[in-house]
Amino acid sequence: MLNIPTQSFPAPSSQQRIAPSGQSGRNKVALKPGHSLMDWIRFSKSGKDLTGLRGRRIEVTEEELQKHNRRDDCWTCIRGMVYNVTPYMDYHPGGEEELMKAAGKDATDLFDQVHRWVNYESMLKECLVGRMAAKGSTALKAIIPPPPTGLVPSTSVAPPDKDSRPRYDWFQTDVTVHLVIYTKRKIPSSGCTTVDLEARVLQVEVLLGKMSYIIHLCLAGEAEASVAVHTANSVGKIQITMRKQAKGKWESLGQPLEFHNTFQRKKDRALFYRDCVLVAKTEVNHNTFVFKLQLPRGTVMHVPVGKHVYLKALIQDTEVVRPYTPVDQNLTGPTQHSLQESDLYLMIKVYPDGVFTQHLNTLHIGDHLSVSSPEGTFSLHRLLDATNLYLLAAGTGFTPMVRLIHLALQDMDGIRKTKLLFFNRREEDILWHSELDELAANDARFQVEYILSEPSESWTGRNGRVTESVLNEFLIRPQGSKCYVCTCGPTAFTELTTGLLKQLNFSEEELHAFQG
């Protein structure tokens, strides 16, 4: 079932904080005991007055907002709504300093840069002071909720070049209907199409670089809730096939719905959620599992390499959202048959104090989760000229590397060497250890090296942490080569590695940092 997102998540005007330069805008700090996310949820539900207004809602002028800019009296505005975040100060994972950047001002842009995946409306519900007072058309626009379909208005559609704009056509037989999309560009082998069909409403999204092409129709007749997607990658042609419930001819494909046939920037569109079912849970190591989620029967989702999805769950009456990068079933990658399967595989580490992962760990086979459409800024274009691909991963920062490894070895002949430098605490923490060793033994173009920070006495490999000397030794630039580096892990790891890479003279065009 399609679940249309609310205004709070994701913000149509925002984009996930993944900087090509590797800069991460989020600095986590150690919180005091008793100040975890779950502690905040309990505190916010305690019935205490967190606004300081004894239950009143007020209209806040810009002058009034600016007065509340101190540590002990901190208001901020997000999308036209004002919150007293003073009580939240000690619970904020980014620390007091980060939160004070939003004190007494409209922090919408700052929030969108760092926290796109956070459902602030639910998190700060009890801190709501009121609306910003309208100040001309700009203020009014800030508090008008988005259209109910979860798609942005046509006024925000980027004016693409006419020749590069995708187009579609359709044809039928007595028993089938075929929608054909001509993207006018090559399509990656991992695909880029998401199809949702429910109760005659068809929505198709095709991700093309920084752009999103959307088809949104109420079909002329009833179709079975099963969809097949076939892609001619080299010519950029996508064919979506549906079976009619009753034989016969349709007079048309259907009636256009809002924002049908639009071509817009990805960051300007909101995401759809659909209800998925947990069908399997496989142990990878002592604290990490692969969760297999089955998409609805009318949904086909091709998640491009390097992109992630958001999982959303209601935990103690609070919506909590987290991003996760799908992996393949194994390191050999998907088959043509699996591209038609309606399953997602997510490798997730369960943390002892992780609110969301602990919730996931309690789910039973058959339980449901909301899953978003693909999201993320990673682009394959910079790999097209690369001859050497270097992957730096720490812990579950390995997940975006899984499909990158398969892509480089199977589909990109120009990449002569793919090397993974994998950091973990102990040997038992290494994900897919034997699979990586087997791949390295069977393919001369792949190399993996492990570094442990807390090795056992029996460990014969390298130990230590990421340093400039370690990277300098690992990141060899053969003469005439073009190198590309991807890094992912905990925030501190990503920030440290990207800083070290810049010191080693890797440019922004040679680096991508996935947000951990």
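Structural data are supplied above this passage.
Overview of the structure. As the structure is a computational prediction, the values presented were derived from the model and not from experiment.

Analysis parameters
Residues numbered from 1 in each chain as written. Predicted model: local features only at pLDDT ≥ 70, side-chain atom pairs only at ≥ 80, totals over all residues. Heavy atoms only, no water. Helix = DSSP H or I, 4+ residues; strand = E, 2+ residues; numbered from the N terminus. Salt bridge = Lys/Arg side-chain N within 4 Å of Asp/Glu carboxyl O. Buried < 20%, exposed > 50% of the residue type's maximum accessible area, 1.4 Å probe, protein only. Core = buried A, V, L, I, M, F, W, Y, C linked by side-chain atoms within 4.5 Å. Contact = heavy atoms within 4.5 Å. Arc of directions from axis to C-beta. Pairing = 2+ DSSP bridges. Axes fitted to C-alpha atoms, helices over the stretch in contact; angles between N-to-C directions.

The subject of this paragraph is the environment of Phe111. Mapped onto the elements of the fold, Phe111 is located in helix 4 (residues 108–114). Through-space distance from the C-alpha of Phe111 to that of Cys77 is 9.9 Å; in sequence the pair is 34 residues apart.

Evaluated as defined, the whole model comprises 17 salt bridges. Across the salt bridge formed by Arg425 and Glu454, the nearest N and O atoms sit 3.2 Å from each other. On the criterion of sequence distance, the pair formed by Arg425 in the loop between strand 25 (417–424) and helix 9 (433–442) and Glu454 in the loop between strand 26 (446–452) and strand 27 (462–463) is long-range, its members being 29 residues apart. With a relative accessible area of 37%, Glu454 lands in the partly exposed category.

Grouped together as the largest cluster of nonpolar side chains are 46 residues, with contacts concentrated most on Trp40, Tyr83, Leu124, Leu293, Leu311, Phe356 and Leu360. Those residues within four positions of Phe356 in sequence are excluded, and the remaining contacts are Leu311, Lys312, Ala313, Ile315, Val320, Arg322 and Tyr324. With 38 residues, the next largest nonpolar core counts Tyr345, Trp432, Leu439 and Leu452 among its residues.

Once that is clear, we can look at helix 9. Among the residues making up helix 9, those that are buried are His433, Leu436 and Leu439. For helix 9, the buried positions fall inside an angular range of 135 degrees around the axis, keeping them on one side. Along helix 9, the residues that are exposed and aim more than 90 degrees away from the buried face are Ser434, Glu438, Ala441 and Asn442. Contacts made by the buried residues of helix 9 are with helix 8 (399–410), strand 25 and strand 26.

So, on to unusual backbone geometry. Phi is positive for Gln316, close to 50 degrees, though the residue is something other than glycine. Taking the relative accessible area as the measure of exposure, Gln316 reaches 40% and is therefore partly exposed. Phi is positive for Asn505, close to 70 degrees, though the residue is something other than glycine. Position of Asn505 among the secondary structure elements: in the loop between helix 11 (491–503) and strand 29 (511–513). Asn505 gets classed as exposed once you look at its relative accessible area, which sits at 64%.

Turning our eyes to something else, we now look at the environment of Glu468. Among the structural elements, Glu468 can be located in helix 10 (residues 468–474). The exposure class of Glu468 is partly exposed, given its relative accessible area of 35%. Contact partners of Glu468, with chain neighbours within four places excluded, come to Leu500, Gln503 and Leu504.

Among the 12 residues that make up helix 8, 11 are buried, leaving the element largely enclosed by the rest of the structure. Residues of helix 8 that are buried include every one of Thr399, Pro400, Met401, Val402, Arg403, Leu404, Ile405, His406, Leu407, Ala408 and Leu409, and no others.

Take the sheet that holds strand 24 (residues 388–394) next. Here we have six strands laid out as an open sheet, ordered 27-26-25-24-28-29, and parallel in their pairing. Sheet topology places strand 27 and strand 29 at the edges, where each strand pairs with a single neighbour. The strands touched by helix 8 within the sheet are strand 24, strand 25, strand 26 and strand 28 (483–488), with strand 24 carrying the most contacts at an inclination of about 160 degrees. Packed on one face of the sheet, helix 9 meets strand 25 and strand 26 and runs near 140 degrees to strand 26.

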